[in-house]
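As a plain string of letters, each chain reads:
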Amino acid sequence: MESLLARLNLQGTSKKVLLSAGIAAVVAVMAVFWIWSQGPKYKVVFSNFNDKDGGAIVAVLEQQNIPYKLADGGSSILVPADLVYQTRLKLAAMGLPRGGNVGFELLENQKFGVSQFVEQVNFQRALEGELERSIQSISGVEGARVHLAIPKSSVFVRDAQKPTASVLVKLMQGRTLDQHQVSAIAHLISSSVPNLGLSNVDILDQNGSLLSDVNKGGSKTLDANQLKYVEDLQKNIVSRIQAIITPIVGEKNVRAEANVEIDFSNTEEANEIYKPNQKPEVAVIRSLQTNESIVPSGSNNGGVPGALSNQPPANATAPLNTTNNAAPGGAAAGAGAAGAAGAAQNPMSTQRNSITNYEIDKTILFTQKSMGGVKRLSVAIVVNNKADVDAEGKPTTRPLNDAEKQQIMDLAKQAMGFNEARGDSVSVVNTPFTPVKEADVSELPIWKDPVNIEMAKNIGQIVLGLIVLFVMYRKAIKPMLANLLAPDEAPAEFDDNLDENGRPIPKLTPYQKDLKTVQALAKENPKVVADVVAGWVGNS
């Protein structure tokens, strides 16, 4: 190292400058390569935004000096990975991205002197924008449009009209909304607009399919919720059957399928049931009517003709004892006595009628059957042959015997909730399973694996940097060092004396000695040197 420094000290200033420039160039190249290889990784901060929001986001990033890149044809904005979350929070604080919807911020910059109609229109636009933002926050919804038809209020009740609303939702690819989510959107719209009923809210998707109130058009088919209920019930029955039979026959040795018939009709019944006539001893009497009459059995033609003899006899509740005592009254008394005597002489007939009304034993039943009842269950079970060992000790399989089949059937009936009165059925079949060949899963090629791609990029950067350094060393640094450090034609000789810095002083060549002598002479007697030079010039 000391000899290298000594050689460098012996070089001229120009060579030292060239060597310093070469070293600086190598360091600069290495620094540039390091910065390039360790550059910030960019990640997506926002994507799938409209042009208006994209322009606003870019303007904010430029204003805050945040580096960014555009990708996917301008539909995605990327920022350094360490600034992603900070940038999202800053943009969210500014209300970006807005999604193209204008909310209640529209009312913040109201102009002075606007009419009531303009105020009402702006309020309706702001309300529609806020509802669109709320709907877009639901999972699976990419975009939404809300149209409100709010009629003008009237003081007359007969002229009052109810508001209506129409909602168009754009769903993400491969996503759907279930009936609960559709109902939630309808309730959201209905609760946000005064006097807006659920029946006046229509929800459509981007395909033009009506999502709200599927029965509004009079459709009698099953809706998605009913079909999902049947499917979930069948899966539940199959899972329970397989879970209870698998420990007996082993894993992947049983298959089961279930078919469930569900009654989705709402039924209301009113029945009146009358029981047969009961015995009078145990029946309840409702009413009792008794009539009794006594009539003479013979002809009643006696007595004095006239009105008295044609009158009906008196009530014969007790025997009549009459006497022949004379009483004033003359003919009337005599006629009464004669009639009574005639009545006593004739035999009497008694007639009695009794009517008894009993309560009717009646039962009135009101039955209301809710939808979703199971009408019938059908289950089919296939069981593989049971593993066994033959006489030679080799593993083999054998069919199930009747007792084992009956055991599996009994367990399946208990697991599925078998009801014979309902018409349920269970079928158990024992047969050897055909071995299934595993499908060849095509692995992802190495050059398409994201991990390998990222690794290849890093390795490529390192290799490229090494190649650049090697080329610079071969083409620039090595020749420069070889030229600078090349030994002179005559090896330098050193005196025994040392210079001020303690380094040896090289011996001078004869030419160097003469040159040094002339230089000293010029310093001591410059006039002589000037004359000599003038003589040289004159001779030339």
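Source: prediction; values computed, not measured. Numbering of residues begins from 1 in every chain and follows the order in which that chain's sequence is written. Local features in this predicted model are restricted to residues whose pLDDT is 70 or higher, and side-chain atom pairs enter the listing and the counts only when it is 80 or higher, whereas totals over whole chains, interfaces and linings include all residues. Heavy atoms from the whole structure form the basis of all side-chain values; hydrogens and water molecules are not counted.

Asks: How should the sheet that holds strand β5 (residues 164–171) be read in this particular structure?
Replies: The strands making up a sheet are joined through hydrogen bonds of the backbone, oriented either antiparallel or parallel. At least two bridges found by DSSP between two strands is the condition for calling them paired. Under the DSSP-based scheme used, a helix requires at least four consecutive residues in state H or I and a strand at least two consecutive residues in state E, with every element numbered from the N terminus. Spatially, three strands are ordered β4-β5-β6 in an open sheet, and the strand pairing comes out mixed. Because the sheet does not close on itself, it has two edges, and the strands there are β4 (141–149) and β6 (201–205). The average angle at which neighbouring strand axes cross in this sheet is 15°, direction not considered. As paired strands, β4 and β5 are joined by eight bridges and run antiparallel to one another. Across the sheet, the residue bridging to V146 is V167, located in β5. Contact criterion: two residues are considered in contact whenever any of their non-hydrogen atoms come within 4.5 Å of each other. The angle between two axes is taken between their N-to-C directions and runs from 0 to 180 degrees, where each axis is a line fitted to C-alpha atoms and a helix contributes only its stretch in contact. Helix-sheet contacts for helix α5 (residues 116–136) involve β4 and β5, and the interaxial angle to β4 is about 150°.

Asks: What is the right way to look at the sheet that holds strand β15 (residues 425–430) in this model?
Replies: Read across the sheet, three strands follow the order β7-β12-β15 without closing on themselves; strand pairing throughout is mixed. Lying at the two open borders of the sheet, with one neighbouring strand each, are β7 (254–263) and β15. Ignoring which end each strand starts from, the neighbouring axes of this sheet average 10° apart. Summarising the sheet, strand β12 (residues 373–383) and β15 pair through six bridges and their orientation is parallel. Bridge pairing in β15 links A380 to S427. Across the sheet, helix α7 (residues 224–249) lies against β7 and β12, angled at about 150° from β7, the strand it touches most. Across the sheet, helix α9 (residues 402–416) is in contact with β12 and β15; its angle to β15 comes to roughly 145°.

Asks: Quick question: what am I supposed to make of the packing of α5 against helix α6 (residues 179–192) here?
Replies: Packed helix pairs are specified by the crossing angle of their axes together with the interaxial distance, meaning the distance between the axes. Following both chains from N to C, one finds α5 and α6 inclined at 155°, their axes separated by 11 Å at the closest point. If you check the angle between α5 and α6, you find them roughly antiparallel. In this structure, α5 meets α6 at a crossing whose hand is right-handed. Contact with α5, carried on its side by L127, L131, S134 and I135, involves I185, L188, I189 and S192 of α6 and no other residues of that element. In terms of residue class, the contact of α5 with α6 is made up of six nonpolar, two polar and no charged. In what follows, roughly perpendicular refers to angles from 65 to 115 degrees, roughly parallel to angles under 35, roughly antiparallel to angles over 145, and oblique to any angle outside these ranges. Rotating anticlockwise by less than a right angle from the far helix to the near helix defines a left-handed crossing, while the corresponding clockwise rotation defines a right-handed one. For this classification, the nonpolar set comprises Ala, Val, Leu, Ile, Met, Phe, Trp, Tyr, Cys and Pro, the charged set comprises Asp, Glu, Lys and Arg, and every other residue, Gly included, is treated as polar.

Asks: Please explain the side chain of T87 as it appears in this structure.
Replies: Relative to the assigned elements, T87 resides in helix α4 (residues 84–93). Leaving out residues up to four positions away in the same chain, T87 has contacts with V45, L61, I66 and V79.

Asks: What's the story with the pattern of salt bridges in this structure? I'm lost.
Replies: A pair can form between side chains of opposite charge whenever their charged atoms are brought close. What makes a salt bridge here is a side-chain nitrogen of Lys or Arg within 4 Å of a carboxyl oxygen of Asp or Glu, nothing more. Tallied over the full model, the rule gives 10 salt bridges. As a salt-bridge pair, E130 and R133 come within 3.5 Å of each other at their nearest N and O atoms. With E130 and R133 both in helix α5 and three residues apart, this pair spans about one turn of that helix. On the accessibility criterion, E130 (22% relative accessible area) is partly exposed. Any residue under 20% of the maximum accessible area for its type is buried, any over 50% is exposed, and the rest in between are partly exposed; the area is computed with a 1.4 Å probe on protein chains only.

Asks: Hey, could you run me through α9 in this one?
Replies: Turn by turn, an α-helix covers 3.6 residues, leaving residues three or four places apart pointing in a common direction. Take the number of residues in a helix, subtract one, and multiply by 1.5 Å to get its expected span. Over its 15 residues, α9 extends 21 Å from the first C-alpha to the last, a length consistent with the 21 Å expected when each residue adds 1.5 Å. For α9, every residue scored as buried is listed here: E404, I408, M409, A412, A415 and M416. Around the axis of α9, the buried residues are gathered within 135° of arc, so they sit on the same side. Among the exposed residues of α9, those pointing more than 90 degrees away from its buried face are D402, A403 and Q414. By arc we mean the arc of the directions from the helix axis to the C-beta atoms, nothing more.

Asks: Hey, could you run me through the pairing of strand β3 (residues 76–80) in this one?
Replies: As a general feature of sheets, a regular strand has side chains that alternate between the two faces. Of all five residues in β3, five are buried; the element is thus mostly enclosed. Examined bridge by bridge, strand β2 (residues 69–71) and β3 share three bridges and lie antiparallel to one another. Note on β3: the bridge partner recorded for L70 is I77. Linkage of β2 to β3, two consecutive antiparallel strands, is achieved through a turn of four residues, within which D72 is found at a positive phi near 55°.

Asks: Explanation requested: the pairing of β6 in the structure shown.
Replies: Of the two faces of β6, the one lined by V201, I203 and D205 is fully buried and the one lined by D202 and L204 carries no buried residue. Sheet analysis places β5 next to β6, joined by five bridges and oriented parallel. Of the residues in β6, the one forming a bridge with L168 is L204. Crossovers are described as right-handed under a simple rule: with the strands pointing away from the observer, the path leading from the first strand over the helix to the second runs clockwise. Handedness of the crossover joining β5 and β6 through α6 is recorded here as right-handed.

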